Amino acid sequence: NEEPQGFVCVPEIRVEDDRTGLDIETLKRAFADNLFYIQGKLGSMATPNDYYMALAYTVRDRLLQRWLNSAQTYLRGDVKVVCYLSAEFLLGPHLGNNLINLGIYDRIEQAITESGLDLQELIAQEEEPGLGNGGLGRLAACYIDSLASLEIPAIGYGIRYEFGIFDQEIQDGWQVEITDKWLRYGNPWEIARPEIAVEVKLGGYVDHYVDDAGNYRTHWIPDREVHGVPYDTPILGYRVNTANTLRLWKAEAPESFDFQAFNVGDYYGAVDAKISSENITKVLYPNDEQVQGKRLRLEQQYFFVSCSLQDMIRLYLLENPNLDNFHETFAVQLNDTHPSIGVPELMRLLVDEHHMAWEQAWQITTHTFAYTNHTLLPEALEKWSVQLFGRVLPRHLEIIYEINRRFLDMVRIRYPDNDAKLASLSLIDELGKKSVRMAHLACVGSYAINGVAQLHTELLKKDVLHDFYALWPEKFSNKTNGVTPRRWVVQNNPGLSKLISRKIGDRWITHLDELRKLEQFADDPQFQAQWQQVKQNCKHQLTKQIKERTGVVVDPTSMFDIQVKRIHEYKRQHLNALHIITLYNRLKENPDLDLQPRTFIFGGKAAPGYFMAKLMIKLITSVGEVVNNDPDVRDRLKVVFLPDYNVTNSQRVYPAADLSEQISTAGKEASGTGNMKFSLNGALTIGTLDGANVEIREEVGAENFFLFGLTTPEVKEQKANGYNSWDVYNANPGLKKAIDMISCGFFSHGDQQLFKPLLDSLLYDDKYMLFADYQDYIDCQDRVGDAFKHKDAWTKMSILNTARSGKFSSDRAIREYCQEIWQVEPVPIELQEYVQANA
Ligand code: 6GP
């Protein structure tokens, strides 16, 4: 019968067929097939990207069965699912990670080599999805990796930005931002699901009325509606059958708009409306820890949260008759306050759309959400002016007022006649321009609140959220951050991984505490030599990359002293620069000084609107220009600014580090996660008692950590006692000289104005206490320089750093969240030989 049969009956899919087989010949054929049938190319005309795409599809085919089986298993009624709501997921490239997690890296490498190609080159083709700014977004990516690896049912919900974090170029020493067109050549890892798109309302007004049965009802009449289309990406666990879903929402104009406008002849008006709707997910706001009070940003937040909650409700109602036990199926984590609009949105969905009584809806809501705070910086605490809020989300503003009314009634009972308490706890800031405090909304609407390192959580309880802590101490707990050892050791440091596995087996990859077994070899000369060799290889690779990307030639035997992270005054990259200038001056005074050669490597992006941060980049590159080219230095110091620091580029950086710079002002860095990646890869830390540095030092031992600087209470005390940086400057000749050189144009071709804003902020304010910490930092760096000269002792410290960093696995962190906050259990996935086509 030659007639096409249609799809009346779809046959079952046999999964162990040519499309999923894992022997080398099958892999090679699948790769060639995909090149031909998907990319439409023959080898002779294929670009490197075509090859990458063909390989990506070959790998994707091999994880689809896990993905479908996982989804089907979770649909069963009795599974509790974690929903991680985050405006950012800084994933990094998928291909290498999926090869490792699937356990097919070596086979694929062989198949690709036998096809006459180079696997590393194909992996390098992938445009990374840079859908995040920094720590917060990267943490979300580590956490979804761990959730899948621990076989926890989970969905990551976020935004499919068309343009992620900008690409950074350095021109004439300044940062230049380039649009990140990451979707330009297509994205083989995502599958669009337009059939389950949802509608999101915006703007307009609210109608209150009594229905025929006498019930109070609310009707929100929006002035705009937008479609949310989910794009799903599989997130594979490490060597398990679990493949969870990352569901990112894209905004599209609803069809109806076009038709309406078409009928009245306003075709261009319709197109305008379409463009304006689609703008919602156009671009990631590139600010890290600095709120951008823009209407579009609020629309982004509401858009993805509403889509996600509607999606959860849809899924829930597939299996349940009503929403009464919604919170028993979903644990929803708010990754900072960006998704905290979820609290009034869930209330609206339950009360307005599903006609639930307020009290019951509030019970469900406050048993659904948990909130993680990621920063203590006041400029990062989100507030929305009531006026703007009411214009975008009129119904939510009403709901927030009602939540607040009930909340403050409770506060009044707890603190009678205490107006100050009411004002400080209220969801509405009444001072100046009235605004909604999103952190307060998150606290009131959540059953659990956590910080991301011990010190940070203590400071939350003491300062920022003190009044909430007094009210509900039982809601608070600490969950120290962690990073995934799959990406941050196995993938980015294969040499080290193999060395470790040869010594202690490979269970450490999922049980990172087992790295402790390395301690016994810390003094073993043979092991030390192997350890050094691995580090040296990594430094060679980075040296090559530095040459290619910046033209600077560095010495791989020098100490690699590295600071990579967003550029921020509180992170104090300029303190690091002052150290470089200080060493430079010593060499100028005494060219024959026996100085430990160092390569200073910086990387990081500045928010495009953050002038001071951009000036810090210019300072670093300017100092580099002078130092790198001064013959007196005789190459003993080199300064490199690696452009476009992102996940891909970072993977060469951590393994090559000798020294990790974690030098923020005490009390400012919530946790840090780069600090963990460095330590795991055997770098020693020079750091303040800030964020997770405190715990890293506790774990690795004070003798294996270079500590300097004021403590958090000391910072506070000095400020209270009228800290004056001008006096410190005048009293410290080394510091004074460094500052004066910048000021007189030594690093700026005589331009005395260029760095003035930066210097003025240091000399007349020094909010982040650089001058207060300067001398201690320099002294500590001298100890680092001396220690590095003793190769064996240094190597021992390096081994012990790796061996004792097991705590900083995101698996440990996720286990704590599962047990202490979400109350969820692993659900192992069975691989069925057949995927039921009609299931
Ligand atoms: C960051 C914190 O600055 C960093 O210390 C922490 O490790 C990371 O979050 C993960 O918890 N915060 C942000 O990136 C941010 O935007 C609003 O906070």
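Residues numbered from 1 in each chain as written. Predicted model: local features only at pLDDT ≥ 70, side-chain atom pairs only at ≥ 80, totals over all residues. Heavy atoms only, no water.

(A) Highlighting the sheet that holds strand β24 (residues 659–662). Overall, parallel pairing links the six strands, which are arranged β23-β22-β21-β24-β25-β26 in an open sheet. Where the open sheet ends on each side, the last strands, each with one partner, are β23 (637–642) and β26 (706–707). (Pairing = 2+ DSSP bridges. Helix = DSSP H or I, 4+ residues; strand = E, 2+ residues; numbered from the N terminus.)

(B) A look at the domain arrangement of the protein. Segmentation of the protein into domains returns domain 1 (75–92 + 128–480 + 823–835) and domain 2 (556–808). A C-alpha centroid distance of 36 Å is found between domain 1 and domain 2. With 35 residues of domain 1 in contact, the opposing surface of domain 2 contributes 42 residues. Interface of domain 1 and domain 2: buried area, both sides summed, is about 2,900 Å²; carbon and sulfur atoms make up 56% of it. The interface formed by domain 1 and domain 2 holds two salt bridges in total. Linking D172 and K618 is a salt bridge whose minimum nitrogen-to-oxygen distance equals 4.0 Å. Seen at the junction of domain 1 and domain 2, the total is 15 residue pairs in polar contact (both at pLDDT 80 or more). Of all the secondary structure elements, the ones that give two or more residues to the side of domain 1 that touches domain 2 are α7 (135–149), β6 (167–171), β7 (174–178) and α18 (454–464). Broken down by class, the residue content of the side of domain 1 that touches domain 2 amounts to 14 nonpolar, 12 polar and nine charged. (Domains from an automatic or database assignment. Contact = heavy atoms within 4.5 Å. Buried area = accessible area lost by both parts, 1.4 Å probe. Salt bridge = Lys/Arg side-chain N within 4 Å of Asp/Glu carboxyl O. Polar contact = N/O pair within 3.5 Å; in protein donor to acceptor, adjacent residues only side chain to side chain. Nonpolar A, V, L, I, M, F, W, Y, C, P; charged D, E, K, R; others polar.)

(C) Geometry of the nonpolar core. Of all hydrophobic cores here, the largest spans 116 residues; its most connected members are F389 and W822. Examining the composition of this core, we find that 11 residues originate from one element, helix α10 (residues 295–319), more than from any other. Within the second largest apolar cluster, 67 residues are counted, among which are M559, I567, Y729 and A738. (Core = buried A, V, L, I, M, F, W, Y, C linked by side-chain atoms within 4.5 Å. Buried < 20%, exposed > 50% of the residue type's maximum accessible area, 1.4 Å probe, protein only.)

(D) Focus on the sheet that holds strand β16 (residues 383–385). If you walk across this open sheet you meet the three strands as β16-β18-β17, and the pairing is antiparallel. The outermost strands of the open sheet, each flanked by one partner alone, are β16 and β17 (428–429). When β16 meets strand β18 (residues 435–437), the two strands line up antiparallel, connected through three bridges. The residue of β18 that forms the bridge with K383 is R437. Packed onto the sheet, helix α17 (residues 438–445) meets β16 and β18 and runs at close to 45° relative to β18. (Axes fitted to C-alpha atoms, helices over the stretch in contact; angles between N-to-C directions.)

(E) Focus on the packing of helix α30 (residues 733–743) against helix α31 (residues 756–764). At their nearest, the axes of α30 and α31 sit 10 Å apart, and the two run at 150° to each other. As summarised for this structure, α30 and α31 are arranged roughly antiparallel, according to the angle between their axes. Crossing of α30 against α31: the hand is left-handed. Along its contact with α30, which presents I739, I742 and S743, the element α31 presents L759, L762 and L763. (Parallel < 35°, antiparallel > 145°, perpendicular 65-115°, else oblique. Left-handed = near helix turned anticlockwise from the far one by under 90°.)

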